[in-house]
Amino acid sequence: MLYAILTEDIPDSASKRAAARAAHMKRMAAMQDAGRIAISGPCLATDNPDPVAAGILGSVIIAEFESLEAARIWADADPYVAGGVWAKVTVMPFHKGFPK
């Protein structure tokens, strides 16, 4: 089943994000290689397409997990949590409506 992981960054998260990014991206690449990511990426503070220039407010990850508990455990183990980037993490079941 798909689960949405919605996160909110701490204020001025750029330096902490940069420090944890390589470990976070390695983890995301492993999920992608396993075919489990529907979509993911940062939520931007402005409409500048460059995330660094725009500023990042948080992230959205929609991915397959065996259960809500598994999705929460995975999210809690993310390097952005350990690195103090994400101030809030919400995990919920997700049903894809479109595209069909």
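Relevant structure appears above.
Report on the accompanying structure.

## Quick look at the sheet that holds strand S4 (residues 86–94)
- One open sheet holds the four strands; their spatial order is S2-S3-S1-S4, and the pairing between them is antiparallel. At either end of the open sheet lies a strand with only one pairing partner, and these are strand S2 (37–44) and S4. Taken over all neighbouring pairs, the strand axes of this sheet differ in orientation by 10° on average, direction set aside.
- As judged from the seven bridges shared by strand S1 (residues 2–9) and strand S3 (residues 56–64), these two strands associate in the antiparallel manner. Bridged to Thr-7 within S3 is Ser-59.
- Against the sheet, helix H1 (residues 14–33) engages S1, S2, S3 and S4, with an angle of about 15° to S3.

## So, the layout of surface pockets
- Of the pockets and cavities examined, the largest pocket occupies roughly 500 Å³.
- Along the wall of the largest pocket there are 23 residues; nearest its centre are Arg-17, Arg-21, Pro-42, Ile-56 and Tyr-80.
- Among the elements that take part in the lining of the largest pocket, H1 stands out by supplying nine residues, more than any other.
- Looking at side-chain class alone, the lining of the largest pocket contains 13 nonpolar, seven polar and three charged residues.

Reading guide: rules and limits
- Residues numbered from 1 in each chain as written.
- Predicted model: local features only at pLDDT ≥ 70, side-chain atom pairs only at ≥ 80, totals over all residues.
- Heavy atoms only, no water.
- Pairing = 2+ DSSP bridges.
- Helix = DSSP H or I, 4+ residues; strand = E, 2+ residues; numbered from the N terminus.
- Axes fitted to C-alpha atoms, helices over the stretch in contact; angles between N-to-C directions.
- Contact = heavy atoms within 4.5 Å.
- 1 Å grid on protein atoms, 1.4 Å probe; cavity = no way out; pocket = protein on both sides within 12 Å on 5 of 7 lines; lining within 4 Å.
- Points joined across faces, edges and corners; volume = space filled by probe spheres on them.
- Nonpolar A, V, L, I, M, F, W, Y, C, P; charged D, E, K, R; others polar.

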